[in-house]
Amino acid sequence: MNAYLSALLLLSVPGLPLLLAFPALRSRLPRPCHLALLPAVILLAVPAAFSIEVPWLLFGSGLGIDAASRWLLAMSVVLWAVAATLLQAPSGQAVDKRLTVFFLLTMATHLGAILATDLVGFFAFAALLGYGFYGLLVAAGDETARRAGRVYLVFMVVADLVLFEALLIAAATTGDLHFEAAHHALALSQEGAPASLWYVSMVLVGFALKVGIWPLHFWLPLAFRAARPAVALLLGGVPVAIALLGIVRFLPLGEITLPDLGAGIQWLGLTAAIYGTVVGLMQSHPRTLLAYATMVVTSLFITLLGSGLEWPLLGAALQGTAPLFIMTLGFTVAALVAGSMLADKVTTQSALLVTARRVGVLLLALSPLMTVILTRPSGGGERLFAESGLVALWPWWMLCTVLLAFRWLYLLLRRQGETMSAPASMIPPGDFWPILERWFSQSNHWFMSMGLQLLPRWRSSGLAAAGRLLQVRVWQKALDAGERALQGWSLAVALLLLLGLAIALLSA
Amino acid sequence: MTWDSSLLLLILATSLVPGLVIFFLPEERVSLRTTLNMAGAVVKLVLVGVMIWGVFHGQQYETRLPLLPGGLDLVLHADAESVLFVTLSTVLWLVTTVYAIGYLEGSHHRSRFFGFFSLCVTATVGVALAGNLITFLLFYELLTLSTYPLIVHRETEEARQAGRIYLRYTIAGGAVLLVGTVWLYDVAGSFDFTHRGVLAGLDDADRAALTAIFVLLIAGLGVKAALIPLHGWLPRAMVAPAPVSALLHAVAVVKAGAFGIVRVVNDVYGVEFAASLGVTGPLAVLAAATIIYGSLRALFQDSLKRRLAYSTVSQVSYIVLGIAIVGPIATIGGLVHLVHQGVMKITLFFCAGNLAETLGVHNISDMNGVGKRMPWTMAAFTIGALGMIGVPPLAGFITKWYLGLGALDAGQDWVILVLAGSSLLNAAYFLPILYVAWFKAPPDAWPAERYWGRRETAWALLAPPAVTALLTLAVGLLASAPFSPLQWARFITTQEYAP
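Residues numbered from 1 in each chain as written. Chains lettered and ligands numbered in written order. Predicted model: local features only at pLDDT ≥ 70, side-chain atom pairs only at ≥ 80, totals over all residues. Heavy atoms only, no water.

### Some words on the side chain of Ser314 of chain B
At step 1: Its place among the elements puts Ser314 of chain B in helix α13 (residues 304–324).
At step 2: Dropping the residues within four chain positions of it, Ser314 of chain B is found in contact with Thr290, Ile291, Gly294, Ser295 and Ser422 of chain B. (Helix = DSSP H or I, 4+ residues; strand = E, 2+ residues; numbered from the N terminus. Contact = heavy atoms within 4.5 Å.)

### Here we look at the side chain of His110 of chain A
All names here are of chain A.
At step 1: As for its position among the elements, His110 is in helix α6 (residues 97–115).
At step 2: Here the side chain of His110 touches Trp80 through a polar contact of 2.8 Å, side chain to side chain.
At step 3: Setting aside residues no more than four positions away along its own chain, His110 makes contact with Ser76, Trp80, Leu129, Gly237, Val238 and Ile242. (Polar contact = N/O pair within 3.5 Å; in protein donor to acceptor, adjacent residues only side chain to side chain.)

### Here we look at the packing of aromatic side chains
At step 1: For the coordinates displayed, the defined rule picks out 40 aromatic pairs over all chains.
At step 2: The ring centre of Tyr140 of chain B lies 3.7 Å from the NZ or CZ of Lys224 of chain B, which sits over that ring. (Phe/Tyr/Trp six-rings, centres within 6.5 Å; stacked < 30°, edge-to-face > 60°. Lys NZ or Arg CZ within 6 Å of the ring centre and 35° of its normal.)

### Considering unusual backbone geometry
At step 1: Following Trp214 of chain A, the chain continues to Pro215 of chain A via a peptide bond in cis, the omega torsion being 5°.
At step 2: Examined against the element boundaries, Pro215 of chain A turns out to sit in the loop between α10 (194–211) and α11 (219–226).
At step 3: The phi torsion at Leu58 of chain A lies on the positive side, around 50°, for a residue other than glycine.
At step 4: Tracing the sequence through the fold places Leu58 of chain A in the loop between β1 (50–54) and β2 (61–65).
At step 5: On the basis of relative accessible area, Leu58 of chain A is assigned to the buried category, the value being 4%.
At step 6: One non-glycine residue, Ala226 of chain B, lies in the positive phi region at around 60°.
At step 7: Examined against the element boundaries, Ala226 of chain B turns out to sit in the loop between α7 (207–225) and α8 (233–236). (Buried < 20%, exposed > 50% of the residue type's maximum accessible area, 1.4 Å probe, protein only.)

### Some details on the packing of helix α14 (residues 259–281) of chain A against helix α19 (residues 389–415) of chain A
All names here are of chain A.
At step 1: Between α14 and α19, the shortest axis-to-axis distance is 9 Å and the interhelical angle comes to 20°. Accordingly, the angle class assigned to the pair α14 and α19 is roughly parallel. Crossing hand, α14 versus α19: left-handed. Only Gly389, Leu393, Trp397, Cys400, Leu403, Leu404 and Arg407 of α19 make contact with α14, whose side of the interface consists of Gln266, Gly269, Leu270, Ala273, Gly276, Thr277, Gly280 and Leu281.
At step 2: Residues that form the contact of α14 with α19 fall into these classes: 8 nonpolar, 6 polar and 1 charged. (Axes fitted to C-alpha atoms, helices over the stretch in contact; angles between N-to-C directions. Parallel < 35°, antiparallel > 145°, perpendicular 65-115°, else oblique. Left-handed = near helix turned anticlockwise from the far one by under 90°. Nonpolar A, V, L, I, M, F, W, Y, C, P; charged D, E, K, R; others polar.)

### Topic: the nonpolar core
At step 1: Counting residues in hydrophobic clusters, the biggest one holds 345 residues, and the most contacted among them are Tyr199 of chain A together with Met51, Tyr269 and Trp401 of chain B.
At step 2: In terms of residue count, helix α8 (residues 143–173) of chain A provides more of this core than any other element does, 18 residues in total.
At step 3: Residues within four places of Met51 of chain B in sequence aside, it is in contact with Leu7, Leu8, Ile11, Tyr61, Ala78, Val83, Val86 and Leu129 of chain B. (Core = buried A, V, L, I, M, F, W, Y, C linked by side-chain atoms within 4.5 Å.)

### Structural notes on the pairing of strand β1 (residues 61–68) of chain B
Residue and element names in this part refer to chain B.
At step 1: Relative to strand β2 (residues 72–78), β1 runs antiparallel, the two sharing 7 bridges. Paired with Leu68 across the strands is Leu72, a residue of β2.
At step 2: Connecting β1 to the antiparallel partner β2 that follows it, the hairpin turn spans 3 residues, and Gly70 within it adopts a positive phi of roughly 95°. (Pairing = 2+ DSSP bridges.)

### Comments concerning helix α6 (residues 157–188) of chain B
Count 3.6 residues to each turn of an α-helix, and residues three or four apart come out pointing the same way.
At step 1: With 32 residues, α6 of chain B extends 46 Å from end C-alpha to end C-alpha; this agrees with the ideal 46 Å at 1.5 Å per step.
At step 2: One or two residues past the end of α6 of chain B sits Gly189 of chain B, with phi positive at roughly 75°. (Expected span 1.5 Å × (residues − 1).)

### Quick word on the pairing of β1 of chain A
All names here are of chain A.
At step 1: Only one face of β1 is buried: it carries Phe50, Ile52 and Val54, and the other face, with Ser51 and Glu53, is open.
At step 2: Bridge count for β1 against β2 is 5 bridges, and the pairing is antiparallel. Paired with Ile52 across the strands is Leu63, a residue of β2.
At step 3: Hairpin connection between β1 and β2: a loop of 6 residues separates the two successive antiparallel strands, and Leu58 in this loop has a positive phi of roughly 50°.

### A look at empty space enclosed by the protein
Once rolled over the atoms, a probe with the size of a water molecule shows which space is left empty.
At step 1: Scanning the model with the defined rule gives 5 cavities of 30 Å³ or more in all.
At step 2: Size it by volume and the largest cavity reaches roughly 170 Å³.
At step 3: Along the walls of the largest cavity sit 16 residues, with Asp160 and Leu161 of chain A together with Ile389, Gly390 and Val391 of chain B positioned nearest its centre.
At step 4: Residue assignment for the lining of the largest cavity shows that the elements contributing at least two residues are α7 (119–138) and α8 of chain A together with α18 (414–439) of chain B.
At step 5: Counting residues per element, the lining of the largest cavity draws most heavily on α8 of chain A, which supplies 5 residues.
At step 6: Lining the second largest cavity are Ala126, Leu129, Gly130, Tyr152, Met156, Lys210, Pro239, Ile242 and Ala243 of chain A.
At step 7: Of all elements in the fold, only α7, α8 and α13 (236–250) of chain A reach the threshold of two or more residues within the lining of the second largest cavity.
At step 8: Among the residues forming the lining of the second largest cavity, the class breakdown is 7 nonpolar, 1 polar and 1 charged. (1 Å grid on protein atoms, 1.4 Å probe; cavity = no way out; pocket = protein on both sides within 12 Å on 5 of 7 lines; lining within 4 Å. Points joined across faces, edges and corners; volume = space filled by probe spheres on them.)

### Some points on a nonpolar patch on the surface
Residues and elements named next belong to chain B.
At step 1: Taken together, the side chains of Trp3, Leu10, Val42, Val46 and Val50 present a nonpolar region at the surface, about 410 Å² in accessible area.
At step 2: Broken down by secondary-structure element, the contributors of at least two residues to the nonpolar patch are α1 (3–23) and α2 (30–56).
At step 3: For the nonpolar patch, the element with the highest residue contribution is α2, accounting for 3 residues.
At step 4: Tracing the sequence through the fold places Trp3 in helix α1. (Patch = residues over 30% accessible without salt bridge, like charges linked within 9 Å, V, L, I, M, F, W, Y side chains within 5 Å. Areas by Shrake-Rupley, 256 points an atom, 1.4 Å probe, with all protein chains shown as cover. Salt bridge = Lys/Arg side-chain N within 4 Å of Asp/Glu carboxyl O.)

### As for the confidence of the model for chain A
At step 1: Averaged over chain A, the pLDDT score is 81; the fraction of residues at 70 or greater is 79%.
At step 2: Note that pLDDT drops below 50 for residues 453–460 of chain A; the model gives that stretch 11 contacts with residues more than four away or on any other chain. (pLDDT = per-residue confidence, 0-100.)

### Description of the interface of chain B and chain A
Interface extent is often summarised as the accessible area lost during association of the parts.
At step 1: On the side of chain A, 54 residues touch chain B, which itself brings 56 residues to the contact.
At step 2: In this assembly, chain B packs against chain A so that about 4,600 Å² is buried in total across both faces, 78% of it on carbon and sulfur atoms.
At step 3: It is Phe300, Trp401 and Phe439 of chain B that lose the most area in chain B upon contact with chain A, and together they represent 16% of the buried surface on that side.
At step 4: At the boundary of chain B with chain A, the tally comes to 0 salt bridges.
At step 5: Per element, the largest residue contribution to the side of chain B that touches chain A is 9 residues, and it comes from α18 of chain B.
At step 6: Of the residues belonging to the side of chain B that touches chain A, the class tally is 44 nonpolar, 7 polar and 5 charged. (Buried area = accessible area lost by both parts, 1.4 Å probe.)

Following this line, the structure appears as structure tokens:
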């Protein structure tokens, strides 16, 4: 394909939605949110795999399409097109302008992340996606949406910081941050280098925050519950999917062996599945239950990832099959959210939604089986795969997903016809400290009533005192007092000179 | 006098001459004053462009004028470092001039304001082009004197008090710097800035004396660079009009301090000699403490300009930190932040000025829904704020990348924690502003709203933040393009660390 055409096509996939985010550029266009997907559709129609390098972009970045990104791009086009259709208010009234802006910005960053061919480019798109999705959650939303947005944003900011540190480690290891070159360099540096373990750990923590993996999942139930249907529909296929893709893109799977960490991650996956099932079954709102169902499905991926870190053969296989898993997850969540709309009564297209509900239930219930089939390695590693935790336990996993699917269906049918009540948060509004304090206090009480002294004698009052220290006003007063003292230049200059002269004397 | 020796004088004259003429213009000669201001800024930009091209191709530009008997010369010299700072001040001066013309429309004492404004830029360019420490000191003091009338321009009691504090701090800092400079001359016998440092060859020098001189120089420069505990004047000076705040925080004053520290470490002591003397470690710790302290203070401010002022205290120390880490990669981070902090911070101050001038909004608690009323201003503010946090692909991300990578390269891993903590704090004090501006409902009426027809505000107020916001995006996104600030910082570092 002609180099200029390739560049134009690849750059326009994130570029057109970005341009259309400007109100002046889209105001006269019909269906701009659908139109923004046009370059992506054309790109999907081009059968070849190709990429471009843009040396002046950031530290030298690239965009490209290969078999893996093609699957994800296809899923994204479908999901964004459906979401764009649902974004229109049912009564035909105009959509909030900010919502459209954030919709197009998030679309641009999402498509860009899928096509990125290097770590920095992927990170940049993924970070911007977080801010865009925050806007989608919060724009034109109520207090519940704003709260969900705040929690989501805190998680994303922390995740970006952790991933930034991981990127620095990668850049300190190798000058070439394109996926394959970076994987190779990181794998070579593994032996005897603690940096590699740090890198893998930070990548896992960073993306775990973005995926919403237990125990870093708090934003997920809030977002599922608070988001408008068109946005909730994207949760599985956009932020969660990009974070799962990030794990595969960042980690040199198949080239490193970290057996202890791998085993630990498999246990984490198993725990997440149990936690997600138990807590999910206790939910009374179908959308909140979907968050826990998502957690259970992603736990399948986490377990596979653990196996991949333990056995490089499985890791290499996961690199190739992960996009299929991510695509299935995206469609599953989207179908279930669309099905939930029957209870939300936000649209009249009931025939389509009934179909979506059926498909969603099937996809959720069968997701462990599908995962085993889709991610089965070929050309080596079949025996290891058969012995891995996921394959050994998949019927149990399926029991979890089937139970969740039935519970969701039950909740949905029960709510259908009911007037939708005002949604309540999973975590009641208020400070984090009182919640933690209450939790410690109750744990203490419970252990003591059992006659056990497993926990040290934590006094909730002590925790409250620690919490008070973290309150803004105490520090504000202290800092203000110091600032007032420093308003006198003589004290300030004298302080610095004394400090400097002390250093001079010490170093002499 | 040849072209090579007169170019630097011409660059100085393009702001000095209009400034001196403007002083004598009557208030009502608005068109002539505007023409002089704009012509000076544009001609300076062209001349600086010629200088950049020449320096990149190895051309030497130097002007040496006798100052005092005994070989004490006033030296102007263009090297890669000075080009970086001159370009920043020249580009931002042009933008700030447009903004100031719009901002001060109809206000009193405009000739006085623009006269000192031009003098201030002359002094800044002089600081950047100084070829030795004594020339640097002269322009540094001129900067102090020309900035003071701008700070007290409003002539309120609060402004006068802020001006007094500023003057006390900066004159005391200048005196300390003078003592350090004289003592340095006594030890080294030279004031000149040289690659690898004028002191680098002095093996038999008194190390304690050199350390003490370093402390004096840093204390003198640290006042303008707002290193703690010498930062007290900066948050008070935010009472000045918005274009002055932009000058103080992004173009001239704090940058002159930070640039001075770069000069002292790189071209007086030399990075390797400074490191061997053991002074760079404490300097890095001081910069790190300033970064965290400034961010913590910013977190508690409700006044928008005050929050931005504390943010400057924090952000300018990234420059010092980059130099003090000692290593080529971190030095790139520090130098490039000289430009990046400038374009980001000036955007934020322009926007703060727009909110104050158009709506009478000064406090963050009054900013609910302001994004709906002034979307372009707040879009520019959003880009500036996200850049400060370090969100890719904006300017701040490039800085933090090089600082972090440089810290790892130099084996100073603790800096990573400082960067992470600072980014977290930046997010904590900038994101709530964006939240209230974009997602909260606007009030029924603004404190003091002015109307500009269909536009959200005057063109002269809207265009400058839009341009600098675009620059914030461009210098990050196109970081590896030829002649980008990053490439220029790499060019400087290659010379500084060449074997």
